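# Breakdown of the fold
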Amino acid sequence: MRFYDRKEELDKLQEINSLSERIARMTVITGRRRIGKTSLVLKAYESEVMLYFFVSRKTEAELCRDFADEIAQKLRMPVLGMPTRFADIFTYLMQLAKTRHVILMIDEFQEFRRVNNSIFSDMQKIWDLNKSEAKINLILCGSIYHLMTELFINSKEPLYGRQTDFIKVEPFAPSVLKEILADHNPTYTNDDLLALYITTGGVAKYVELLMDSNIHTKNDILQSFVARNSLFIYEGKSMLIEEFGKDYGRYFDILTLISSGHNSRSDMEAMMQCELSGYLSRLENDYALIAKTRPMLSTSQGKNIRYAINDQFIRLWFRFIYKHNAMIESNAYSQLLEIVRRDYPTYSGRSLEEYFKCRMREEGRYTNIGSWWDRKGENEIDIIAVDDISHSITFFEVKRQEQSIDLSILRAKADRFLEATGRYSRYRKEYKGLSIDDM
């Protein structure tokens, strides 16, 4: 699959590189695993000489040998001696950058914590001593989100505040997914597009895996998701265990409940028979995997809060893979596929709402986008989009099938919203239905 999108990020990286020819720049690039961070940097600097250091799970001495070989190959400059400490390699490059421009990317940077935690304090000292004279473009990439952010936003960490730029790589937007699917399957249906959005969440590697395998119809995508030896089967567990560590079990149980629709704290605590505020806080703030959702304009801080999984792939994985792990261990893949096909129409309805919200945010036409529900759960509006510039508010009902939409019911719910919130009485009001035909 060819390289798609990322124009804003590419332009930013080019700008950073130009600046680094005069003054040292330290750029932190984060984003969930397989989102395309490495491909982004390689694309941005494909015409440049760039050192690429990958921090694998080796000893520090072994890594230094790899890095010295990279320097010798790319810069045609052998590193004298055989350094066994990364501090010596980094000192050498910072000194070199005083005489020539150097681009250095360190991938999986957070893994230095496993190798030798003192590397971060060594880098801080070397950077501070040399940055004023060094012409270096230092790019630090990592896929363990909470570790990468902690290294630079925690005031107790040595590298706190040293970054000059911060880039978070996001999933592909709906328009990009449409472009990719059209390139590989010009006769695609909206059901195909929705299945691609739900299974990949716009994560570049997942999209590439499907497209390169000539898998781009709904049926083929769903079958691929639960096929024997599919990457998707094991991806969720391997990805999240790295984030959570040994205490992953409780987090997995919470994410399974949210993916199945048990999305209030009280509901989850009743089912798990324990207090979950600490776990929910870490899932939201440290790992950025879930988010609190409130009714639009709500001031409630408690009972009316719902939790949602931010990542479409993770949500699907917990709903169908982790929940039915016993079937996988029993090699009952065909039975699991039947469950997916049976439950997919209902499950995909919620994802269709998220798709339209995502598309609205991409288009940038509205100043506020949200949902609303009352305390009793008797009235719920799928999407409310406000434009404070034109003083208009649009209420949307989202259904898979257009014939299931009843705008008279939507109008009645909107009246309750307007009455409950006391806002937008003078705004122009519109009522619209959205179905899979509108994707």
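Up top is the structure.
Notes on the structure follow. (Residues numbered from 1 in each chain as written. Predicted model: local features only at pLDDT ≥ 70, side-chain atom pairs only at ≥ 80, totals over all residues. Heavy atoms only, no water.)

### Brief notes about the packing of aromatic side chains
What counts here: In this analysis, rings of Phe, Tyr and Trp, with Trp reduced to its six-membered ring, are considered paired at centre separations within 6.5 Å, and the interplanar angle assigns stacked below 30 degrees, edge-to-face beyond 60, and tilted for intermediate values. Numbered from the N terminus, helices here are DSSP runs of H or I no shorter than four residues, and strands are runs of E no shorter than two. Only protein chains enter the accessibility calculation, which uses a 1.4 Å probe. A residue is then buried if its area is under 20% of the maximum for its type, exposed if over 50%, and partly exposed in between. Think of it as a cone above the ring: NZ of Lys or CZ of Arg counts as a charge over the ring if it is within 6 Å of the ring centre and within 35 degrees of the ring normal.
Under the criterion given, the structure shown has 32 aromatic pairs. On the basis of an interplanar angle of 75 degrees and a centroid distance of 5.7 Å, the ring pair of Tyr206 and Phe232 is categorised as edge-to-face. Taken together, the residues Tyr206 in helix H10 (residues 204–212) and Phe232 in helix H12 (residues 231–244) connect sequence positions 26 residues apart. Tyr206 gets classed as buried once you look at its relative accessible area, which sits at 0%. In this structure, Arg2 is placed above the aromatic ring of Tyr4, and the distance from its NZ or CZ to the ring centre is 3.9 Å.

### Topic: the nonpolar core
Threshold: Among buried residues, the Ala, Val, Leu, Ile, Met, Phe, Trp, Tyr and Cys ones that are joined through side-chain atoms within 4.5 Å form a nonpolar core. Throughout, a residue-residue contact means that at least one pair of heavy atoms, one from each residue, lies within 4.5 Å.
Counting residues in each nonpolar core, the largest one holds 92 residues, and the members touching the most others are Leu13, Val41, Leu240, Phe244, Ile254, Leu283 and Ile290. In terms of residue count, helix H18 (residues 333–363) provides more of this core than any other element does, 11 residues in total. Excluding residues that lie within four positions of it along the chain, Val41 makes contacts with Leu13, Ile29, Met50, Met105, Ile139 and Cys141. Core analysis: the next-biggest nonpolar cluster, separate from the first, contains 39 residues, Val55, Ile89, Ala134 and Leu140 among them.

### Overview of the sheet that holds strand S3 (residues 102–107)
Stated precisely, the cut-off is as follows: Strand pairing is assigned whenever DSSP identifies at least 2 bridges connecting the two strands. What counts as an axis is a line fitted to C-alpha atoms, over the stretch in contact for a helix, and the angles between N-to-C directions run from 0 to 180 degrees.
Strand order in the open sheet formed by 5 strands is S2-S3-S4-S1-S5, with parallel pairing between adjacent strands. Since the sheet does not close on itself, it has two edges, and those belong to strand S2 (51–54) and strand S5 (165–168), each with one partner. Ignoring which end each strand starts from, the neighbouring axes of this sheet average 15 degrees apart. The sheet contact formed by S3 and strand S4 (residues 136–141) spans 5 bridges and is parallel. Considered in S4, the bridge of Leu104 is made with Leu138. Sheet contacts for helix H6 (residues 118–130): strand S1 (25–30), S3 and S4; angle to S4, the most-contacted strand, approximately 160 degrees.

### Examining the pattern of salt bridges
Convention followed: For this document, the term salt bridge refers to a Lys or Arg side-chain nitrogen within 4 Å of an Asp or Glu carboxyl oxygen.
Evaluated as defined, the whole model comprises 36 salt bridges. Residue Lys12 pairs with Asp165 through a salt bridge whose shortest N-O separation is 3.5 Å. Of the two residues, Lys12 is situated in helix H1 (residues 7–20) and Asp165 in strand S5; the sequence distance between them amounts to 153 residues. Exposure remark for Asp165: the relative accessible area of 7% places this residue in the buried category. A salt bridge links Arg57 to Glu242, with the shortest nitrogen-to-oxygen separation between them at 3.4 Å. Of the two residues, Arg57 sits in the loop between S2 and helix H3 (60–75) while Glu242 sits in helix H12, which places them 185 residues apart along the sequence. You can call Arg57 exposed: its relative accessible area is 57%. Linked through salt bridges whose partners overlap, the residues forming this network are Arg33, Arg34, Arg57, Glu111, Arg114, Glu235 and Glu242.

Geometric values such as these leave the question of function open.
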